[in-house]
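The primary structure of each chain is shown beneath.
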Amino acid sequence: MKTIKIAPSILSADFSKMGEEVRSLEQNGADVVHCDVMDGVFVNNITFGIKMVEDIRKTTSLPLDCHLMIVHPEKYVERFAKAGADIITVHWEACQDNLKEVLQLIKSTGVKCGAVINPDTPVEKIKDVIPLCDMVLVMSVFPGFGGQKFISSALDKLRELRAIIDESGKDIDLEIDGGVTKENVAEIKRAGANVIVAGSAVFKAENRAEMIKALKDA
Ligand code: DX5
Ligand code: ZN
């Protein structure tokens, strides 16, 4: 079984004090910082871009997991890599015709790469590119906003992907994103996820350290 990593999403942080928020994640036991980049076109919301990633990079030694919810990600991956991303994930829905090339482009910049599928996209769509990925991300909400309810059909996709990954014998992480709580995380892990994104669960918790530990140990 792969190590469980907790990746709080800074989408739910207070953007006016991002440095402090990221340091608090590190101090409270987070393993990864999940950075949700939204362009207002691919999704119905706008967050932040390259400059924010560059500035966050200076505040933490935790890996930065950049989840690009943008159209034409190939235009920006080199700059996100240069800004300090450790892994960049891109949506199948944003690059249906060139996902393989975009993943290869990310790798060529020296950072890890991952493919993401929305709740209504079957695993089948990314099957061919899985061997190229360092991580596969299953969305358990439609991207755009934090605090939505977990869509449970994501569990079947996790099981399907876990089987494919195990069979490949490759070292590929399986990440889940959206609606994770300390109540549903055990089932999510049993289905095969080992990188757990949690936005509102961590940032709304009274005690972040306890919440991160609960998500890790469940
Ligand atoms: C959704 C984002 C998520 C989001 C998760 O578009 O990709 O990373 O921040 O937030 P919660 O954990 O609150 O569902
Ligand atoms: Zn995300």
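In case you missed it, the structure is sitting above this.
In this text, all values refer to a predicted model and were calculated from it rather than measured experimentally. (Residues numbered from 1 in each chain as written. Chains lettered and ligands numbered in written order. Predicted model: local features only at pLDDT ≥ 70, side-chain atom pairs only at ≥ 80, totals over all residues. Heavy atoms only, no water.)

A look at the sheet that holds strand β6 (residues 135–139)
To summarise the sheet geometry, strands pair through backbone hydrogen bonds and adopt either a parallel or an antiparallel arrangement. Ordered by their spatial adjacency, 8 strands build an open sheet running β1-β8-β7-β6-β5-β4-β3-β2, and the pairing between neighbours is parallel. In this open sheet, the two strands that pair with only one neighbour each are β1 (5–8) and β2 (33–38). Geometrically, the sheet is characterised by an average inter-axis angle of 25° between neighbouring strands, direction not taken into account. Pairing of β6 with strand β7 (residues 173–177), which is carried by 5 bridges, proceeds in the parallel orientation. Residue L137 lies in a different strand from β7, and its bridge partner there is E175. The strands that helix α4 (residues 99–108) touches are β4 (87–91) and β5 (112–117); relative to β5, the one it contacts most, it runs at about 150°. (Pairing = 2+ DSSP bridges. Helix = DSSP H or I, 4+ residues; strand = E, 2+ residues; numbered from the N terminus. Axes fitted to C-alpha atoms, helices over the stretch in contact; angles between N-to-C directions. Contact = heavy atoms within 4.5 Å.)

A closer look at the coordination of the zinc ion (ligand 2)
Those donors, H34 (NE2), D36 (OD), H67 (ND1) and D177 (OD), are the protein atoms that reach the zinc ion (ligand 2), and they lie 2.0 to 2.3 Å from it. Angles of 69 to 171° at the metal separate the 6 donor atoms of the zinc ion (ligand 2), which places the site in the octahedral class. The motif formed by the donor residues of the zinc ion (ligand 2), counted along the single chain, is H-x1-D-x30-H-x109-D. In this pair, D36 sits in strand β2 while H67 sits in strand β3 (residues 64–69), placing the two residues 31 residues apart along the sequence. When its relative accessible area of 0% is taken as the criterion, H67 is described as buried. (Donors = N, O, S within 2.8 Å, 3.2 Å for Na, K, Ca; no water. Tetrahedral: all angles 85-135°; square planar, octahedral: opposite > 155°, others 65-115°. Buried < 20%, exposed > 50% of the residue type's maximum accessible area, 1.4 Å probe, protein only.)

Some details on the nonpolar core
I10, I88, I126 and I176 are the most contacted members of the largest nonpolar core, which has 67 residues in total. Tallying contributions element by element places helix α5 (residues 154–168) first for this core, with 5 residues. Discounting residues that sit within four places of it in the chain, I10 has contacts with F15, M18, V22, L25, V33, H34, C35, F48, I56 and F203. Judged by nonpolar contacts, the second largest core, of 6 residues, contains V32, M135, V195 and V197. (Core = buried A, V, L, I, M, F, W, Y, C linked by side-chain atoms within 4.5 Å.)

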